[in-house]
Amino acid sequence: MTKRSPFRYFKTSPEIIRLAVMMYVRFPLSLRNVEDLLHERGIEISHETVRFWWNRFGPMFAAEIRRNRVSRMRSYSNWQWHLDEVFVKIDGDTHYLWRAVGHEGEVLESYVTKRRDRKAALKFFRKSMKRYGNPKLIVTDKLRSYGAAMNVIGNAPKQETGRWRNNRAENYHLPFRRRERAMLRFRHMRCLQKFAAVHSSVHNHFNQERHLYSRENFKLTRSAALAEWRQLCSG
């Protein structure tokens, strides 16, 4: 049976929808910034259209990216994870965004909770391990919730803590913080969870770590990532 296109009821071409979603999620732009940039390219849409597109297609694109990357990542050993949590204000209340980063710089999982106790850490561990398997080493900060949760799972001997050991996870909070400022923060926990999941997948897709490659190799990998993005949900 042929899979039906998710764009079948839209008058706008899939290429424009993908471009608008990529610009909004990947770069620290507001909805009106995306509207103005598309206007310069001769595309007349409203900022509310951009909002609707990213809410409708953002999770769909992220799921396809994640499905392709997970299938490749399960083919080799998960050597080391870096785990960290960051404070996020939602309507004046403090919430916590947990993030797991792989040893090669992949944002593996993003999860939002109202607390950062053992129960929240345990749920985050199980969610990550169900998708990516069991790592050989887990680097965390000295939050006691990590140790308590790992004792329940049986991963306590794999935990390592130390000053500057977890800088990889700390650095991956920065792109999210830039997006948070551009969006004037979040108003609902569900919206934060949705955007964090989409943003991490898109960031993984376009993050080429250009400091590790020559200019020629970087241009090739960047072009390949863009070509793969243009094929998302095309069937």
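Preceding this section is the structure that the text describes.
This one's a predicted model, so the numbers in the text were calculated from it and none came from an experiment. (Residues numbered from 1 in each chain as written. Predicted model: local features only at pLDDT ≥ 70, side-chain atom pairs only at ≥ 80, totals over all residues. Heavy atoms only, no water.)

**Observations regarding unusual backbone geometry**
The phi torsion of most residues other than glycine is negative, and most of the peptide bonds are trans.
Moving on, step 1. Phi at Leu184 is positive, roughly 55 degrees, even though this residue is not glycine.
Moving on, step 2. Here Leu184 lies in the loop between helix H7 (174–182) and helix H8 (189–206). (Helix = DSSP H or I, 4+ residues; strand = E, 2+ residues; numbered from the N terminus.)

**Description of the pattern of salt bridges**
Moving on, step 1. The final tally for this structure, using the stated rule, is five salt bridges.
Moving on, step 2. Of the charged contacts, one joins Arg131 and Glu109 as a salt bridge, the two residues approaching to 3.1 Å between their closest N and O atoms. Residue Arg131 is located in helix H4 (residues 118–132), and its partner Glu109 is located in strand S3 (residues 107–113); the two are separated by 22 residues in the primary sequence.
Moving on, step 3. On the basis of relative accessible area, Arg131 is assigned to the partly exposed category, the value being 28%.
Moving on, step 4. For the salt bridge of Glu180 with Arg177, the shortest nitrogen-to-oxygen distance reads 2.7 Å. In this pair, Glu180 and Arg177 are both assigned in helix H7, three residues apart and thus about one turn of the helix distant.
Moving on, step 5. Accessibility expressed as a relative area gives 6% for Glu180, which makes it buried.
Moving on, step 6. By relative accessible area, which is 24% here, Arg177 ends up partly exposed. (Salt bridge = Lys/Arg side-chain N within 4 Å of Asp/Glu carboxyl O. Buried < 20%, exposed > 50% of the residue type's maximum accessible area, 1.4 Å probe, protein only.)

**A short note on the packing of H7 against H8**
To describe two helices that pack against each other, one gives the angle between their axes and the distance between the axes.
Moving on, step 1. As a packed pair, H7 and H8 sit with axes 11 Å apart at the nearest point and diverge in direction by 130 degrees. On the basis of the axis angle, H7 is oblique to H8. In this structure, H7 meets H8 at a crossing whose hand is right-handed. Between H7 and H8, the residues in contact are Pro175, Phe176 and Arg179 and Leu192, Phe195, His199 and His203, respectively.
Moving on, step 2. For the contact of H7 with H8, the residue count by class is four nonpolar, two polar and one charged. (Axes fitted to C-alpha atoms, helices over the stretch in contact; angles between N-to-C directions. Parallel < 35°, antiparallel > 145°, perpendicular 65-115°, else oblique. Left-handed = near helix turned anticlockwise from the far one by under 90°. Contact = heavy atoms within 4.5 Å. Nonpolar A, V, L, I, M, F, W, Y, C, P; charged D, E, K, R; others polar.)

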